[in-house]
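Descriptive analysis of the structure
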Amino acid sequence: MSKEATKDSHNNGLPKQPPSPSPLRFSKFFQPNMRILVTGGAGFIGSHLVDKLMENEKNEVIVADNFFTGSKDNLSKWIGHPRFEFIRHDVTEPLMVEVDQIYHLACPASPIFYKYNPVKTIKTNVIGTLNMLGLAKRVGARILLTSTSEVYGDPLEHPQTEEYWGNVNPIGVRSCYDEGKRVAETLMFDYHRQHGIEIRIARIFNTYGPRMNIDDGRVVSNFLAQAIRGEHLTVQAPGTQTRSFCYVSDMVDGLIRLMEGDNTGPINLGNPGEFTMMELAEVVRELIDPAVPAKIVENTPDDPRQRKPNITKAKEVLGWEPQVVLREGLPLMEADFRHRLGIPKNYR
Ligand SMILES: NC(=O)c1ccc[n+]([C@@H]2O[C@H](COP(=O)([O-])OP(=O)(O)OC[C@H]3O[C@@H](n4cnc5c(N)ncnc54)[C@H](O)[C@@H]3O)[C@@H](O)[C@H]2O)c1
Ligand SMILES: O=c1ccn([C@@H]2O[C@H](COP(=O)(O)OP(=O)(O)O[C@H]3OC[C@@H](O)[C@H](O)[C@H]3O)[C@@H](O)[C@H]2O)c(=O)[nH]1
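None of the values given here were measured: they were computed from a predicted structure. (Residues numbered from 1 in each chain as written. Chains lettered and ligands numbered in written order. Predicted model: local features only at pLDDT ≥ 70, side-chain atom pairs only at ≥ 80, totals over all residues. Heavy atoms only, no water.)

**Overview of the UniProt feature "domain: NAD(P)-binding" (unreviewed entry) in the chain**
Summarizing the sequence annotation, UniProt attributes the feature "domain: NAD(P)-binding" (unreviewed entry) to residues 37-331 in the numbering used throughout. A helix fraction of 37% and a strand fraction of 18% characterise residues 37-331, whose end C-alpha atoms lie 31 Å from each other. (UniProt positions renumbered as here; feature names shortened; annotations may be inferred. Helix = DSSP H or I, 4+ residues; strand = E, 2+ residues; numbered from the N terminus.)

Here it is as structure tokens:
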């Protein structure tokens, strides 16, 4: 690509050519085919993504994480591996590394954590994404943002397609997260149009699986931990609100396909199986302990009343659809939770 092409601010309305990869990425003795940065790689989805990327011997993986909700335990098997590197880093600060791809996941995802310090959450989404885009621009890397179904807010269109612009409260207690992700998407497209950065955007719907924080506060981890401990399940009112739950291995597969493919997105990634929270509680009771009751408790403001992805686009452009249904995925997560809680099956 000529320098002129990058300078051309008109370019017939088309995005600019992507910048060339930095030659500095070859600066080490080991020359991977792909040097990949995963921000938020010590978290739930990030650590499963790292496991999958590390399966490919030609990949070198660098994780940057500040451990706000992530944990070293999630990456323990890779510490010391020659193709793996960990950097304790907050994405609200600039990062200088030479990489080919950036999976940008860093952001607290559970409502209790993202509401805990909302100013930090929005800084993470806005300044953190700006920093990662700046890095992508400097080194010529392709960058994938894990956006969220929360960009649809309390959706008036159901199921949600990527064309739906959403119904979001800009000043509510969830706005630091959902508006933060909306700005992050805007930044991604502005860098793409203005600087030719290669971007990918995944809109992730509720994802569950092993390694979620036990006290994460999200509904699947809460219900499982409660059922295993023999405590009542806390169904937040009214209990008729719906979500669609995707198993983490399916999500990781979708993210890698998106990164490797040609489509910028945004693309919905999620499992279209839709459940009310009452139904989810029933499935958990049935699988784990029918003796534990489900109780209705108070909800928090602006809780979306329904959510289900339309995944036609993911099927068409990525050849992707989830393989693991809820009744298969929950027992896999139960085994991990029992192990970590030290409560074997048939304990009580
Ligand atoms: N799990 C889901 O259901 C879901 C749904 C939609 C979108 N997502 C998105 O996927 C990504 C990962 O979610 P998750 O469920 O694995 O959450 P998680 O909380 O387990 O992981 C987030 C990781 O980001 C790190 N982090 C947070 N702020 C940071 C900062 N300022 N600098 C560096 N690291 C920081 C945390 O320490 C953690 O390791 C997030 O971007 C989230 O918004 C998740
Ligand atoms: O103990 C609980 C926790 C939650 N809930 C309900 O379960 C539903 C799901 O709540 P969660 O906290 O698991 O997650 P939410 O769907 O609200 O948000 C999630 O959406 C997608 C991602 O971006 C994030 O992971 C997170 O923001 C809500 O209706 C909530 O009211 C319960 O009934 N009981």
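Picking up after the structure, the text goes on.
**Digging into the packing of helix α6 (residues 219-229) against helix α8 (residues 277-288)**
Put simply, α6 and α8 touch, their axes get as near as 10 Å, and they point 35 degrees apart. The handedness of the crossing between α6 and α8 is right-handed. Only Met277, Leu280, Ala281, Val284 and Ile288 of α8 make contact with α6, whose side of the interface consists of Val219, Val220, Phe223, Leu224, Ala227 and Ile228. Taken together, the residues of the contact of α6 with α8 break down into 11 nonpolar, no polar and no charged. (Axes fitted to C-alpha atoms, helices over the stretch in contact; angles between N-to-C directions. Left-handed = near helix turned anticlockwise from the far one by under 90°. Contact = heavy atoms within 4.5 Å. Nonpolar A, V, L, I, M, F, W, Y, C, P; charged D, E, K, R; others polar.)

**Observations concerning the sheet that holds strand β1 (residues 34-39)**
Across the sheet, seven strands lie side by side as β3-β2-β1-β4-β5-β6-β11; this open sheet has parallel pairing. What marks the edges here is a single partner per strand, and that holds for β3 (84-88) and β11 (267-269). Pairwise comparison of adjacent strand axes, ignoring direction, gives a mean angle of 20 degrees for this sheet. Note: strand β5 (residues 142-148) against strand β6 (residues 199-204), six bridges, orientation parallel. Residue pairing for β6: leucine 145 is matched across the bridge by isoleucine 201. Relative to β6, helix α7 (residues 248-260) is tilted by about 155 degrees, and along the sheet it contacts β4 (101-104), β5, β6 and β11. (Pairing = 2+ DSSP bridges.)

**Details of the site of ligand 2**
Not every one of the 22 residues close to ligand 2 is listed here, only the nearest: Thr148, Tyr177, Thr234, Gln236 and Arg243. Measuring from an oxygen atom of ligand 2, one finds a side-chain N or O atom of asparagine 222 at 2.8 Å. Contact with the protein chains removes 95% of the 660 Å² of surface that ligand 2 exposes when unbound. Secondary-structure elements contributing two or more residues to the shell around ligand 2 are α3 (111-116), α6 and β8 (233-236). Grouping the constituent residues of the shell around ligand 2 by class yields eight nonpolar, eight polar and six charged. (Near = heavy atom within 4 Å. Polar contact = N/O pair within 3.5 Å; in protein donor to acceptor, adjacent residues only side chain to side chain. Areas by Shrake-Rupley, 256 points an atom, 1.4 Å probe, with all protein chains shown as cover.)

**Some details on the nonpolar core**
Core analysis: the largest hydrophobic core is formed by 60 residues, its most contacted members being Val38, Val50, Tyr103, Tyr208, Leu255, Leu269 and Val284. Take this core: its biggest share by element is seven residues, from α7. Excluding anything up to four places from it in sequence, valine 284 contacts Phe223, Leu224, Ala227, Leu233, Asp289 and Leu330. Core analysis: the next-biggest nonpolar cluster, separate from the first, contains 25 residues, Leu37, Ala141, Leu145 and Leu187 among them. (Core = buried A, V, L, I, M, F, W, Y, C linked by side-chain atoms within 4.5 Å. Buried < 20%, exposed > 50% of the residue type's maximum accessible area, 1.4 Å probe, protein only.)

**Thoughts on the packing of aromatic side chains**
Applying the stated criterion across every chain yields a total of seven aromatic pairs. When the centroid spacing of 6.2 Å and the interplanar angle of 80 degrees are considered together, the rings of phenylalanine 68 and phenylalanine 113 count as edge-to-face. Of this pair, phenylalanine 68 sits in the loop between β2 (59-65) and β3 while phenylalanine 113 sits in helix α3, and the two are 45 residues apart along the sequence. A ring pair is formed by tyrosine 152 and tyrosine 164, whose centres lie 6.0 Å apart and whose planes are at 25 degrees; its orientation type is stacked. Of this pair, tyrosine 152 sits in the loop between β5 and α5 (175-195) while tyrosine 164 is found in the loop between β5 and α5, placing the two residues 12 residues apart along the sequence. Owing to a relative accessible area of 13%, tyrosine 164 belongs among the buried residues under this scheme. (Phe/Tyr/Trp six-rings, centres within 6.5 Å; stacked < 30°, edge-to-face > 60°.)

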